[in-house]
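Given next are the chains, with one letter for each unit.
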Amino acid sequence: MSILEILQKSGGIETMARELGVNETVAQAGAAALLPSILGGFKKTAQSQPSGLDGLGGLLGQLGGGGLLDSVLGTQPTPVDKGNDVLGQIFGSKEVSRTVAAGAEQQTGISSELLKKMLPVVAMMVAGYMAKQGGESSGNGGGGLGGLIGGLLGGGSKTSSGGLGGLASLLDLDGDGNPLDDIIGMAGKLVR
């Protein structure tokens, strides 16, 4: 099951559509266009953590853990400031978020203004889902989270004894350790 299907089944896409006043098809298309950059941001964040995936798991916990997904699904309006905190951690700057939204606009025809509103909500759903899944399955030094990220990005759970080695080699785009150029590159690929 893809992360988009998981977010649909959880009710997250429907909740986001209702809160933003758009139909579910638009919300689904927007989420689908934003997910590759968000997942890429999490991958790069995991690579930059001194303790690799354990560090990412800890960071997800600090940002709100599984409660992030619960916040989106709850009856109260989604606290998007938490989503913006997640984006700040994975993208590093608002400029990257704007670039991601612009790339998704080119791909979908949905306005970048609407996509910018979707971005923190989708980031919260993904972070919350990863925290819930990682927490339940990480008895082996973050392997559960590594396998999850690999699986979400379509690569399966190829982790090596080198901690991030398998995940990094599986998912790294250019291997330079700079998240900004890879994320912008991903957004650029969406435009083409």
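Definitions and cut-offs
- Residues numbered from 1 in each chain as written.
- Predicted model: local features only at pLDDT ≥ 70, side-chain atom pairs only at ≥ 80, totals over all residues.
- Heavy atoms only, no water.
- Helix = DSSP H or I, 4+ residues; strand = E, 2+ residues; numbered from the N terminus.
- Contact = heavy atoms within 4.5 Å.
- Core = buried A, V, L, I, M, F, W, Y, C linked by side-chain atoms within 4.5 Å.
- Buried < 20%, exposed > 50% of the residue type's maximum accessible area, 1.4 Å probe, protein only.
- Axes fitted to C-alpha atoms, helices over the stretch in contact; angles between N-to-C directions.
- Parallel < 35°, antiparallel > 145°, perpendicular 65-115°, else oblique.
- Left-handed = near helix turned anticlockwise from the far one by under 90°.
- Nonpolar A, V, L, I, M, F, W, Y, C, P; charged D, E, K, R; others polar.
- Salt bridge = Lys/Arg side-chain N within 4 Å of Asp/Glu carboxyl O.
- Expected span 1.5 Å × (residues − 1).
- Arc of directions from axis to C-beta.

Draft legend 1. Focus on the overall build of the protein chain. For the protein chain, the count of helices and strands is 11 helices and zero strands. Going residue by residue from the N terminus, the α and β elements of the protein chain occur as α-α-α-α-α-α-α-α-α-α-α. Taking all contacts inside the protein chain whose residues are at least 6 apart in sequence as the whole, residues at least 24 apart take part in 67%.

Draft legend 2. A look at the nonpolar core. One finds Met-16, Leu-34, Ile-38, Phe-42, Val-122, Met-125 and Val-126 to be the most contacted residues of the largest nonpolar core, which totals 47 residues. Secondary-structure elements contributing two or more residues to this core are α1 (3-10), α2 (12-20), α3 (24-48), α4 (52-63), α5 (67-73), α6 (80-91), α7 (94-108) and α8 (112-137). For this core, the leading source of residues is α8, giving 14 residues. Those residues within four positions of Leu-34 in sequence are excluded, and the remaining contacts are Val-100, Ala-104, Leu-115, Met-118, Leu-119 and Val-122.

Draft legend 3. Up close: the packing of α3 against α4. Viewed as axis vectors pointing N to C, α3 and α4 meet at an angle of 120°, and their least axial separation amounts to 7 Å. Taken together, α3 and α4 sit at an angle that is classed as oblique. Remark: the crossing between α3 and α4 carries right-handed chirality. Mapping the contact onto sequence places Phe-42, Thr-45 and Ala-46 in α3 and Gly-52, Leu-53, Leu-56, Leu-59 and Leu-60 in α4. Broken down by class, the residue content of the contact of α3 with α4 amounts to six nonpolar, two polar and no charged.

Draft legend 4. Quick peek at the pattern of salt bridges. Counting across every chain of the model gives three salt bridges. Its salt-bridge partner being Lys-132, residue Asp-70 comes within 3.0 Å of it at the nearest N-O pair. One end of the pair, Asp-70, is in helix α5; the other, Lys-132, is in helix α8, with 62 residues separating them in the sequence. Classification of Asp-70 by relative accessible area gives partly exposed; the value is 40%. A salt bridge links Lys-116 to Glu-113; the nearest nitrogen and oxygen atoms lie 3.1 Å apart. Linking Lys-116 with Glu-113, this pair stays in helix α8, spanning three residues, or about one helical turn.

Draft legend 5. Local environment of the environment of Gln-107. Relative to the elements of secondary structure, Gln-107 occurs in helix α7. Among the residues examined, Gln-107 registers a relative accessible area of 44% and is labelled partly exposed. Put simply, Gln-107 and Gly-30 are 77 residues apart on the chain and 9.3 Å apart in space, counted from C-alpha to C-alpha.

Draft legend 6. Representation of α6. An ideal rise of 1.5 Å per residue puts 16 Å on 12 residues; α6 measures up with 16 Å between its terminal C-alpha atoms. Those residues of α6 that sit buried are Gly-83, Val-86, Leu-87, Ile-90 and Phe-91. For α6, the angular spread of buried residues about the axis comes to 105°, placing them on one side. Downstream of α6 by a residue or two, Gly-92 has a phi angle that is positive, lying close to 90°.

Draft legend 7. Geometry of the packing of α1 against α3. For the pair α1 and α3, interaxial distance at closest approach is 10 Å and the crossing angle is 130°. By the angle between their directions, the pair α1 and α3 is classed as oblique. The handedness of the crossing between α1 and α3 comes out as right-handed. Residues Ile-3, Leu-4, Leu-7 and Gln-8 of α1 form the contact with α3, whose own contacting residues are Gln-28, Ala-31, Ala-32, Leu-35 and Leu-39. Of the residues belonging to the contact of α1 with α3, the class tally is seven nonpolar, two polar and no charged.

Draft legend 8. The side chain of Ser-71, seen in detail. The residue Ser-71 is located in helix α5 in this model. Here Ser-71 falls in the buried class, since its relative accessible area comes to 17%. Contact partners of Ser-71, with chain neighbours within four places excluded, come to Gln-76, Thr-78, Pro-79, Lys-82 and Met-124.

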